Amino acid sequence: MTKRFTAVGVLLLGALLFTFLLVMPRGALASEKQPGPGKTEEITRGAVTGQTQAKGYDHPNQYMHVKPVQIADNMEPVIQHPEQDQAAREKLAALEKRFGQKPNILIFITDDVGWLDPGFNGGGEAVGNPTPNMDRLAHDGLILTSAYSTPSCTPTRATIHTGQNPLHHGLLRPPMYGEPGGLDGAVTLPAILQKLGYVTQGVGKWHMGENEGSLPQNVGYDDYYGFLGVSDMYTEWRDIYFNPEVALSPARFQMMEKLGFDHNNVHCVKGKKGVEKVYEINLTTIPNLDQDWCKYSEKFIKKMAGGKKPWFLYHATRACHFDNYPNHEFAGKSPARTVYSDGMVEADDILGRLVKALEETGQLENTLIFFTSDNGPEGEVPPHGRSPFRGFKGSSWEGGVRVPTFVYWQGMIKPRRCDGLFDLADLFNTCASLAGAPGAAVTKYLPKDRYVDGIDQASFWVADNGQANRRSRIYTLNQFFSGVRIDEFKALMAVELEKAIFPRGFQAGFSGEVVTQTGGVLMVNLYTDPQEDVNSGIRHIPMMVPLGAEATRYQEVLKKYPPQVKVGFGN
Ligand code: CA
């Protein structure tokens, strides 16, 4: 009885003390114990153990507290940096004066290459595929550690070309084996650049539609040399090791040979209908594709030297999408000796050759070089690429969409590494900006109902120590608005559960279940938890609330500029 009384008494006393602590002014106790040096103002920050003397720091490229500016109704809002914009404009004007024309633009896009595959992000030598050319350029350029693709090939390539995320351009997944749907009807970056006086050349993987309206020459390219689909479409059914059920069945093999997609490396020319079939892609010709494409781009670069017009070259490698058949010169050249790593080494060599062509023809200083990958590493068909982040291609976890990226421009971009947000949609705006249509000026080329998810990041790149002009990053997954990131915080609304369905086998972005009804307050901190396996939403509500507000803002954008479906999921 006494014991119980004592216990109740202690509880009551405790409750009283707790109430007292709650109602008394914050910091009163602490300041009596430990007054600040000459400070009399009320203490508003501190730990449970008392006040802090720490002043704290703010960091560049963190914008949770900043309200971005709406520069056009149909564009994402922008973090403005007037001084940085001015500095960049002056540098660009000086260069234009020197060369007498706008800068050339080279976009070099690899396939399924993971964030950690190249050396400049910590892979390279360490994972058995040295990438000396990528590394040298990256270290002499601006390495973008938070650059984002979409979860897979076609959606990303269409995002670069339209400045829209997949919900707006409607290519929600890759069209396979000649399925209908593509860039048809889109206003593309090369089409705008043509209007701004550029020669536009595409080389390599297209995969943005095979129908007449989607062919490269009908969406902005003067000339295109490459294949219209994706690497595996041409060979996986021919290979007796990967698909013996097809390759060793004459009837099924014939079915594939007759399937309505173009089986060739093709040449497309502006003003000409259809494609010129250059040669069939099969197990004999595929190991030479990347070499052939490299030669075509080298020739283009040499041809353009001394010309009066600036140019845009979109070079999309075959490497390293499965199935990799590296050129015989490169088979076994990587210390890892896997077909994937050999593909990395070959792609690195090709980038080096294109840069050499620029150097030899005196065009390097007037050419911006952008390197990236179209999605994270593929995780279902080994050998895989690598990422330090959770998830693979096909998911909107960081591993699926955070891609190795740098931008190099000799004398124009100061070497550095920056975690400011960059979405590959920004290439649309940024390249248009460099070509003469900065900020909202790009909208004059677009219908009013066309929403632009990209942001002009030209001043971020070009101004010395320029900072990102993007406050948030919108994630999409299939037909869903999947998440939003501001600074190091990412809210999750639709996620891929890789291991939800199959108990065995490689499980990655395309094998799992997409879950859209999450618990409500799902937020990860990408700095403390890059693996995205700890929910920090509840503990960090002060950051969750503005992040949630950003998600609500974009939901309103989607109501006003509704999602499109050109290649979808049948639901
Ligand atoms: Ca890809």
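That block above? That's the structure.
Draft legend 1. The arrangement of helix α12 (residues 339–360) in detail. Its 22 residues place the ends of α12 31 Å apart at the C-alpha level, agreeing with the 32 Å of an ideal helix rising 1.5 Å per residue. The buried fraction of α12 amounts to 16 of the 22 residues, a majority that puts the element mostly inside the structure. Looking one or two residues past α12, Gly-362 carries a phi angle of roughly 70°, positive in sign.

Draft legend 2. Main features of the packing of helix α11 (residues 289–304) against α12. Here α11 crosses α12 at 15°, and the two axes come no closer than 9 Å. With respect to each other, α11 and α12 are oriented roughly parallel. For the crossing formed where α11 meets α12, the hand is right-handed. Residues Asp-290, Gln-291, Cys-294, Lys-295, Ser-297, Glu-298, Ile-301 and Lys-302 of α11 touch α12, and the partners they reach there are Glu-346, Ile-350, Arg-353, Leu-354, Ala-357 and Leu-358. Here the contact of α11 with α12 is composed, by residue class, of six nonpolar, two polar and six charged.

Draft legend 3. Expanded view of the coordination of the calcium ion. Coordination of the calcium ion by the protein comes from Asp-111 (OD), Asp-112 (OD), Cys-153 (SG), Asp-374 (OD), Asp-374 (OD) and Asn-375 (OD1), over a distance range of 2.2 to 2.6 Å. Its six donor atoms give the calcium ion angles of 53 to 158° at the centre, a pattern that matches the irregular case. Read in sequence order, the donor residues coordinating the calcium ion give the pattern D-D-x40-C-x220-D-N. Relative accessible area serves as the criterion here: at 0%, Asp-374 is assigned to the buried category. Its relative accessible area of 0% is what places Asn-375 among the buried residues.

Draft legend 4. Molecular detail of the nonpolar core. Formed by 61 residues in total, the largest nonpolar core has its most connected members in Phe-370 and Trp-461. It is helix α14 (residues 426–434) that contributes the most residues to this core, five residues altogether. Those residues in contact with Trp-461, other than ones at most four positions away along the chain, are Leu-142, Leu-144, Leu-368, Phe-370, Val-407, Ile-413, Arg-416, Phe-422, Leu-427 and Thr-430. Counting 47 residues, the second-largest nonpolar core is a separate cluster that includes Val-113, Val-355, Ala-357 and Leu-364.

Draft legend 5. Geometry of the packing of aromatic side chains. Throughout the structure, instances matching the rule amount to 23 aromatic pairs. The interplanar angle of 75° and the centroid separation of 5.3 Å between the aromatic rings of Trp-115 and Phe-389 together place this pair among those described as edge-to-face. Note that Trp-115 is positioned in the loop between β3 (104–110) and α4 (132–139) and Phe-389 in the loop between β11 (367–373) and α13 (398–401), a separation of 274 residues in sequence. Overall, the relative accessible area of 10% leaves Trp-115 in the buried class. Between Phe-371 and Phe-406 the ring centres are 5.2 Å apart and the planes differ by 10°, which places this aromatic pair in the stacked class. Separated by 35 residues along the polypeptide, Phe-371 in strand β11 and Phe-406 in strand β12 (residues 406–408) bring together distant segments of the chain.

Draft legend 6. Examining the sheet that holds strand β15 (residues 472–477) more closely. The antiparallel open sheet is built from four strands, whose spatial order is β15-β16-β17-β20. Sheet topology places β15 and β20 (523–525) at the edges, where each strand pairs with a single neighbour. Between one strand axis and the next, the sheet turns through 25° on average, direction left out of account. In this sheet, strand β17 (residues 489–492) lies alongside strand β16 (residues 480–486) in antiparallel orientation, the contact comprising four bridges. If you follow Ile-486 over to β17, its bridge partner there is Phe-489. In the packing of helix α16 (residues 541–560) onto the sheet, the strands contacted are β15, β16, β17 and β20, and the crossing angle to β16 comes to about 135°.

Conventions used here
Residues numbered from 1 in each chain as written. Predicted model: local features only at pLDDT ≥ 70, side-chain atom pairs only at ≥ 80, totals over all residues. Heavy atoms only, no water. Helix = DSSP H or I, 4+ residues; strand = E, 2+ residues; numbered from the N terminus. Expected span 1.5 Å × (residues − 1). Buried < 20%, exposed > 50% of the residue type's maximum accessible area, 1.4 Å probe, protein only. Axes fitted to C-alpha atoms, helices over the stretch in contact; angles between N-to-C directions. Parallel < 35°, antiparallel > 145°, perpendicular 65-115°, else oblique. Left-handed = near helix turned anticlockwise from the far one by under 90°. Contact = heavy atoms within 4.5 Å. Nonpolar A, V, L, I, M, F, W, Y, C, P; charged D, E, K, R; others polar. Donors = N, O, S within 2.8 Å, 3.2 Å for Na, K, Ca; no water. Tetrahedral: all angles 85-135°; square planar, octahedral: opposite > 155°, others 65-115°. Core = buried A, V, L, I, M, F, W, Y, C linked by side-chain atoms within 4.5 Å. Phe/Tyr/Trp six-rings, centres within 6.5 Å; stacked < 30°, edge-to-face > 60°. Pairing = 2+ DSSP bridges.

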